[in-house]
Amino acid sequence: MSSRFTYSVLGHFATGGMADLYSIILNDGQRALLRELQAAKVFRLRLHRRFRFGLKVRETLSPHDHIANSLEWGYSKLRPYELIEWVEGQNLKSLFNARSTALTDQIMDILFQAATALAWVHEHDLMHLDVKPENFLCRNDKDDVITIKLTDFDLTRPADDNAPKKQLGTPAYMAPEQFKEKTAFMASDVFAFNVMAYQLLTGKMPFTGSTQKKTWRNQASDNVLPRPPIELVPELPEKVNRIIMRGLVKRPQQRLPDMRAWLHEWKYSN
């Protein structure tokens, strides 16, 4: 498939997961990101299909104010690729690690934007399945106002694809059902989102242990509940504390079912 864009490659930007990323300039002068499947994975059919599905997902979700939008996707010499809008800035993990005052000052709006992006995924009957700070890009304008852009759809699956599967996601943010039953629901994204929200608001993870395996065991156990974030941040609004705790309920049937429900609670509950 030939590209409808012509572009010049500025240089290799990063290698991550299944893809190589390159910074490019389009023929209209716009900067963009070229992302293509690593050559070594082209003939690994399961990975190839998953990567291609992710490209189609981003196209389906675009355009949206809080998605790193697709400009096009296709094939070049057997390698699936996509052109993505350029998001100038860091990701939420980088801002968190740098103890950014912009993150602290704008945290409520940042969480709302991130939730809006994930709700858009759920609106399309999809599960993201890798919700974590690294996958929320932060565009800063000249006044240091942050716009959130969700990215990385390589693990995304249809919402009704709940059959047990090999573990997908990042363990520190995974829901109990992903550990125990190897299954996932839109409610699993809700759990991951609220782990992230708890971390960004309090500076701590909701589940801990003396080793990584014990932390994950506590995260999966029905008997281990997180300390309410308001105990760590007393000035946190009670509504926010309540919504995060509802998002961290261990059993998916009792958790907020998707991020649309989470947003409704955020907007309309007292």
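Residues numbered from 1 in each chain as written. Predicted model: local features only at pLDDT ≥ 70, side-chain atom pairs only at ≥ 80, totals over all residues. Heavy atoms only, no water.

Draft legend 1. Just the pattern of salt bridges, in detail. Counting across every chain of the model gives 19 salt bridges. A salt bridge links lysine 93 to glutamate 134; the shortest N-O distance between them is 3.5 Å. Note that lysine 93 is positioned in helix H2 (residues 92-97) and glutamate 134 in the loop between strand S7 (126-127) and strand S8 (136-140), a separation of 41 residues in sequence. With relative accessibility at 23%, the residue glutamate 134 sits in the partly exposed group. As a salt-bridge pair, lysine 132 and aspartate 130 come within 3.7 Å of each other at their nearest N and O atoms. In this structure aspartate 130 comes out as buried when scored by relative accessible area, which is 8%. Taken together, the shared-partner salt bridges in this structure form one network comprising Arg35, Arg58, Glu82 and Asp154. (Salt bridge = Lys/Arg side-chain N within 4 Å of Asp/Glu carboxyl O. Helix = DSSP H or I, 4+ residues; strand = E, 2+ residues; numbered from the N terminus. Buried < 20%, exposed > 50% of the residue type's maximum accessible area, 1.4 Å probe, protein only.)

Draft legend 2. Spatial organisation of the sheet that holds strand S5 (residues 79-85). Sheet architecture is open: 5 strands sit in the order S1-S2-S3-S5-S4, paired in antiparallel fashion. The outermost strands of the open sheet, each flanked by one partner alone, are strand S1 (7-16) and strand S4 (70-76). On average, adjacent strands in this sheet sit at an angle of 25° to one another, irrespective of strand direction. Along the sheet, helix H1 (residues 45-61) makes contact with strand S2 (19-26), strand S3 (31-37), S4 and S5, crossing S4 at roughly 150°. (Pairing = 2+ DSSP bridges. Axes fitted to C-alpha atoms, helices over the stretch in contact; angles between N-to-C directions. Contact = heavy atoms within 4.5 Å.)

Draft legend 3. Broad picture of the pairing of S8. Summarising the sheet, strand S6 (residues 89-91) and S8 pair through 3 bridges and their orientation is antiparallel. Bridge assignment links asparagine 91 to a residue of S8, and that residue is leucine 137. Direction of pairing for S8 relative to strand S9 (residues 146-150): antiparallel, over a ladder of 5 bridges. Bridge pairing in S9 links asparagine 140 to isoleucine 146. Connecting S8 to the antiparallel partner S9 that follows it, the hairpin turn spans 5 residues, and aspartate 144 within it adopts a positive phi of roughly 65°.

Draft legend 4. Structural detail: the environment of glutamine 106. Relative to the assigned elements, glutamine 106 resides in the loop between helix H3 (101-105) and helix H4 (107-123). For glutamine 106, a relative accessible area of 18% translates into the label buried. Excluding anything up to four places from it in sequence, glutamine 106 contacts Asp144, Val145 and Ile146. Of note is the side chain of glutamine 106, whose polar atom sits 2.9 Å from the backbone nitrogen of isoleucine 146. (Polar contact = N/O pair within 3.5 Å; in protein donor to acceptor, adjacent residues only side chain to side chain.)

Draft legend 5. Structural context of the environment of leucine 33. Looking at the secondary structure, you find leucine 33 in strand S3. Leucine 33 gets classed as buried once you look at its relative accessible area, which sits at 11%. A C-alpha to C-alpha distance of 6.3 Å links leucine 33 and glutamate 85, two positions 52 residues apart in sequence. Those residues within four positions of leucine 33 in sequence are excluded, and the remaining contacts are Phe13, Leu21, Tyr22, Ser23, Ile24, Glu82, Leu83, Ile84 and Trp86.

Draft legend 6. Quick look at helix H10 (residues 259-268). Those residues of H10 not exposed but buried are Met259, Trp262, Leu263, Glu265 and Trp266. Along the long axis of H10, the arc covered by the buried residues comes to 160°, so they all point the same way. Buried residues in H10 make contact with H4, helix H6 (186-202) and helix H9 (238-247). (Arc of directions from axis to C-beta.)

Draft legend 7. Inspection of the nonpolar core at higher detail. In this structure, Leu92, Phe193 and Trp262 are the most contacted members of the largest nonpolar core, which totals 48 residues. Leucine 92 has contacts with Leu103, Ile110, Pro133, Phe136, Cys138, Ile148, Met196 and Leu200, leaving out every residue within four places of it along the chain. (Core = buried A, V, L, I, M, F, W, Y, C linked by side-chain atoms within 4.5 Å.)

Draft legend 8. The arrangement of the sheet that holds S9 in detail. Strand order in the open sheet formed by 3 strands is S6-S8-S9, with antiparallel pairing between adjacent strands. For this open sheet the edge positions go to S6 and S9, each flanked by a neighbour on one side alone. Neighbour-to-neighbour, the strand axes of this sheet turn through a mean angle of 30°, independent of strand direction. Relative to S9, H4 is tilted by about 25°, and along the sheet it contacts S8 and S9.

Draft legend 9. Region of the structure containing the packing of H6 against H9. As a packed pair, H6 and H9 sit with axes 8 Å apart at the nearest point and diverge in direction by 140°. The orientation of H6 relative to H9 falls into the category oblique. Relative to H9, the crossing made by H6 is left-handed. Here H6 contributes Val190, Phe191, Asn194, Ala197, Tyr198 and Leu201 to the contact with H9, which in turn contributes Val240, Ile243, Ile244 and Gly247. Grouping the amino acids of the contact of H6 with H9 by side-chain chemistry returns 8 nonpolar, 2 polar and no charged. (Parallel < 35°, antiparallel > 145°, perpendicular 65-115°, else oblique. Left-handed = near helix turned anticlockwise from the far one by under 90°. Nonpolar A, V, L, I, M, F, W, Y, C, P; charged D, E, K, R; others polar.)

Draft legend 10. Looking closely at the side chain of glutamine 113. One can find glutamine 113 in helix H4. By relative accessible area, which is 5% here, glutamine 113 ends up buried. Side chain to side chain, glutamine 113 and aspartate 109 meet in a polar contact 2.8 Å long. Dropping the residues within four chain positions of it, glutamine 113 is found in contact with His66, Ile146, Thr147 and Ile148.

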